[in-house]
Amino acid sequence: MKTFCGRANPTTGEMEWLEEGEDYDYHQEIARSRYADMLHDKDRNVKYYQGIRAAVSRVKERGEKAIVLDIGTGTGLLSMMAASAGADFCYAIEVFKPMAKAAVKIVEKNGFADKIKVISKHSTEVTVGPDGDMECRANILVTELFDTELIGEGALPTYEHAHKYLVQEGCEAVPHRATVYVQLVESKRMWSWNKLFPIHVEAEDGEKIIVPPPEMENCPGVPSVCDIQLNQMPSSDFTALSDVVTMFSVDFSKPVQSASTCYRVQLEPVQSGKAQIVLSWWDIDMDPSGMIQCTMAPYWVKPTAALQWRDHWMQCVYFLPNEEPVLQGEKVFLTACRDEYSVWYKLQKARGEENKADVGVESPVCRCYAHLLWNRPRFGQLNDQNRTQQYIKALRKVVNTDTVCLCISDGSLLPVLVHCLGAKQVQYFILFFRSLACSLIFFSHILFKANHLEDKIKVIEARPELLKASHFRDEKVSVLVGEPFFSTSLLPWHNLYFWYARTAVTSHLSSNVTVLPQAASLHMMIVEFQDLWRIRSPCGICEGFDVQTMDDMIKDSLNFRESKEAEPHPLWEYPCKSLSDPLEVLTFDFRQTVPQHSLSAEGSVNLLRKGRSHGAVLWMEYHLDADVSISTGLMQISNEKGNCDWNPHCKQAVYFFSSVIESETLSDPGTVTYAINFDTKTGEIAMDFKL
């Protein structure tokens with residue numbers, strides 16, 4: 001059966017209807033899952049196996065049958081560990097039906113069909129009793145329901161229900177407990193992901209300062225965690241203001257409460273500074289004694305320990321509502337509030353023992369709309385002074401008192417920059433059909449008001465093809481600018497929407513219009529990843545269990561479509577080395593309208609270094625003028641080994657080669673052939689590579 005799916009094309013801006021097969025959503029879910037990453041997490045798997053063996057032994061020593069409940073079984077791996085460890089029976093719960101079917105096959109293939117019952121339901125729908133899904137309550141509870149924030153996947157309400165209805169009182173639990181740790185830090189880099197910094201602009205009539213709106217300065221932001229690979233954050237980018245302390249812990253062997261609550265700890269700053277960020281991570285103890293532990297601690301906490309790379313669990317960055325000055329030795333209180341799915345933090349000065357002021361558990365609400373409009377990398381991008389100066393350098397050449405400027409970008413500061421540089425008329429174009437249009441309009445209003453520009457910059461809400469001469473006071477646009485950036489863009493070339501909008505407004509442009517950027521180019525490079533390859537690598541045998549069925553399932557879903565597409569990744573978090581020189585493969589001339597014919601390129605890339613060709617990285621470069629360019633990808637190849645520095649504010653496109661699946665190693669450098677085609681009608685890029 002076929003179904004029609006509507007979507008706004010991120011590149012062309014057009015609403016389009018696509019005919020999809022009934023299995024499309026299922027294949028997307030499997031292809032983009034992190035099952036392979038989890039199965040490759042050796043530390044996780046070993047610790048779970050050790051904890052399960054120990055729990056089964058403790059139950060057997062009490063003379064009881066070991067009945068296991070495994071919630072969120074996935075491949076059935078943890079249930080097979082329990083059966084192998086001597087459990088009498090296992091109930092494996094998996095709500096995602098295609099995954100449950102795969103688990104049944106994997107369990108049968110490994111010879112545990114008589115010991116493991118796979119139940120394809122949500123755990124809250126499971127029944128217990130002679131005619132129920134489970135004959136009796138379990139006395140061992142095994143789960144892997146955690147995300148980077150620990151509770152973001154609904155672990156607390158799931159545990160709460162399980163203890164009430166599915167497991168015995170005093171049951172064993174694997175993991176036994178989780179402990180959340182925090183550290184207070186100052187970091188200009190990370191704080192730039194949360195607030196907008198003032199911008200200094202040198203104009204002909206003196207220096208001007210673009211200030212953020214006061215609504216942003218006092219805005220608590222949103223409670224969504226910023227999860228990153230903190231192990232890629234250099235120690236020079238932050239200053240620790242406190243020691244690492246325990247914030248709270250959860251004992252999974254006892255009834256769990258999911259209701260909103262707060263935890264409070266007293267900190268004694270080890271250094272004076274501005275408290276801006278709370279870094280957080282967790283450990284899980286697989287046994288009551290804490291001897292079997294799996295930790296997410298970053299490199300500076302346990303510098304002698306071997307770090308296990310994983311992408312399904314990382315570390316958390318939380319932003320305090322405001323930066324707070326702290327003094328070395330002067331105690332402060334840090335409060336963590338949580339609901340069922342998220343955590344947020346507040347800092348208070350300690351004023352003796354009488355300071356018992358309660359901090360409400362109400363979730364923070366963004367009042368400035370910027371935190372709804374921009375993600376964390378976008379904040380960092382707007383605060384990148386070097387990037388901003390490049391735009392100013394290019395704009396200064398073309399903006400004067402006669403300039404009539406039209407800006408096409410989402411949530412951009414370019415209209416304010418253009419005005420500061422002396423433009424007569426500035427129009428800021430907001431597409432009314434874009435999902436965040438209301439947030440864009442509100443934030444633009446408070447930004448312009450804060451800089452006394454309410455009557456200087458006009459916001460236009462319209463589709464580009466519906467613009468009229470009256471929008472420009474019957475004058476022609478002399479300068480068309482864009483970063484370009486659009487909030488709906490996922491892949492680097494999606495921001496080519498600027499080109500389509502430029503084409504649609506052609507009749508409103510003067511004959512000698514300056515378009516900035518004047519062009520863009522698509523670049524690519526062949527790389528070997530240090531670890532990211534694992535998310536696309538088959539597992540085969542995991543801790544002695546055959547999970548090939550899962551590998552085949554992922555491969556089938558990738559072949560359905562995803563294997564022919566690139567996917568976005570922030571490569572500053574995922575080290576890689578270049579195996580080829582960077583290569584420009586396509587160019588897009590914004591001074592001309594979008595052509596009717598496709599743009600294509602094919603050729604070969606010489607590999608310069610030995611290594612595994614895991615894939616190609618693709619990114620865009622925007623040429624503001626003949627002398628100034630902005631890269632959204634490679635910043636430099638930092639050494640002879642080919643280690644790469646990437647733009648930290650953008651996601652790059654990664655096209656994984658099929659050789660990742662086949663684990664081929666190139667013994668000698670060779671060549672990679674490529675064919676890349678940009679369909680100007682759909683705005684999509686198709687690519688193919690051969691080793």
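An unreviewed UniProt entry annotates the chain as Protein arginine N-methyltransferase 7 originating from Rhegmatorhina hoffmannsi. Among the UniProt annotations of the chain, the heading Catalytic activity (unreviewed entry) holds the following wording: "L-arginyl-[protein] + S-adenosyl-L-methionine = N(omega)-methyl-L-arginyl-[protein] + S-adenosyl-L-homocysteine + H(+)".

## Some words on the side chain of Asp70
Looking at the secondary structure, you find Asp70 in strand E3 (residues 67-71). Buried and unpaired, Asp70 has no salt bridge, with Arg44 as the nearest side chain of opposite charge at 8.4 Å.

## Some thoughts on the sheet that holds strand E6 (residues 138-143)
The five strands are arranged E5-E4-E3-E6-E7 in an open sheet whose pairing can be described as parallel. Each of the sheet's edge strands pairs with one partner strand only, and the pair in question is strand E5 (116-119) and strand E7 (167-174). For this sheet the average axis-to-axis angle between neighbouring strands, irrespective of direction, equals 25°. As defined by bridge partners, E3 adjoins strand E4 (residues 89-93) across five bridges and the pair is classed as parallel. From the neighbouring strand, Val68 faces E4, where its bridge partner is Cys90. Those strands touched by helix H3 (residues 42-61) are E6 and E7, and its axis lies near 145° from that of E7.

## Looking at the sheet that holds strand E38 (residues 684-690)
Strand order in the open sheet formed by three strands is E31-E37-E38, with antiparallel pairing between adjacent strands. The sheet terminates laterally at strand E31 (599-606) and E38, the two strands that pair on one side only. On average, adjacent strands in this sheet sit at an angle of 15° to one another, irrespective of strand direction. As paired strands, strand E37 (residues 671-679) and E38 are joined by seven bridges and run antiparallel to one another.

Calculation rules
Residues numbered from 1 in each chain as written. Predicted model: local features only at pLDDT ≥ 70, side-chain atom pairs only at ≥ 80, totals over all residues. Heavy atoms only, no water. UniProt positions renumbered as here; feature names shortened; annotations may be inferred. Helix = DSSP H or I, 4+ residues; strand = E, 2+ residues; numbered from the N terminus. Buried < 20%, exposed > 50% of the residue type's maximum accessible area, 1.4 Å probe, protein only. Lys, Arg positive; Asp, Glu negative; His and termini not counted. Salt bridge = Lys/Arg side-chain N within 4 Å of Asp/Glu carboxyl O. Pairing = 2+ DSSP bridges. Axes fitted to C-alpha atoms, helices over the stretch in contact; angles between N-to-C directions. Contact = heavy atoms within 4.5 Å.

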